[in-house]
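Report on the structure
In case you want the letters, here they are:
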Amino acid sequence: MRGIEVEGDWAYSWDTWTDSATNKETGEVRDEVGKWINVLRSTPDGWKIYIDLWNRDAPAAEYTFEVVSLRVAFTGGPRHQ
């Protein structure tokens, strides 16, 4: 882990990650790298991950996708308590 910061009941940690992905059709192996950050909150049961974010370092043009349907609903967090 590259870093961690704690402020009261909240903490965040961050680092980089590496992985390999194999194309099932061609057998091509692609090495991937990226970054992640976690936001944690202290609870009576211990530290819990509150937010988990990550991304790939590859340019966006290498990954294409089509959004067919998207529905986002926020049901938790400080704004909904």
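Scroll up to find the structure.
Please read these numbers as outputs of a predicted model, since none were measured by experiment. (Residues numbered from 1 in each chain as written. Predicted model: local features only at pLDDT ≥ 70, side-chain atom pairs only at ≥ 80, totals over all residues. Heavy atoms only, no water.)

**Examining the overall build of the chain**
Convention followed: Helix numbering and strand numbering both begin at the N terminus, where a helix is a DSSP run of H or I of at least 4 residues and a strand a DSSP run of E of at least 2. Whether two residues touch is decided by their heavy atoms; if any such pair falls within 4.5 Å, the residues are in contact. Reported accessibility uses the Shrake-Rupley method at a 1.4 Å probe radius. Residues are deemed covered only where the shown protein chains occlude them.
Helix and strand counts for the chain come out as zero helices and four strands. If you list the helices and strands of the chain from N to C, you get β-β-β-β. Look at the contacts in the chain between residues 6 or more apart in sequence, and 32% of them connect residues 24 or more apart. Here the chain displays about 7,300 Å² of accessible surface, and carbon together with sulfur accounts for 52% of that area.

**Structural notes on the pattern of salt bridges**
Going by this rule: The term salt bridge refers to a side-chain nitrogen of Lys or Arg lying within 4 Å of a carboxyl oxygen of Asp or Glu. For every residue, the accessible area obtained with a 1.4 Å probe (protein chains only) is divided by the maximum for its type, and the residue is called buried under 20%, exposed over 50%, and partly exposed between those limits.
This structure, assessed with the given rule, holds three salt bridges. For Asp15, the salt bridge identified is with Arg2, shortest N-O distance 3.8 Å. Taken together, the residues Asp15 in strand β2 (residues 10-22) and Arg2 in the segment before β1 (3-7) connect sequence positions 13 residues apart. A relative accessible area of 16% means that Asp15 is categorised as buried. One salt bridge in this structure joins Lys35 and Asp57, with 2.5 Å as the shortest N-O distance. One end of the pair, Lys35, is in strand β3 (residues 29-43); the other, Asp57, is in the segment after β4 (46-56), with 22 residues separating them in the sequence.

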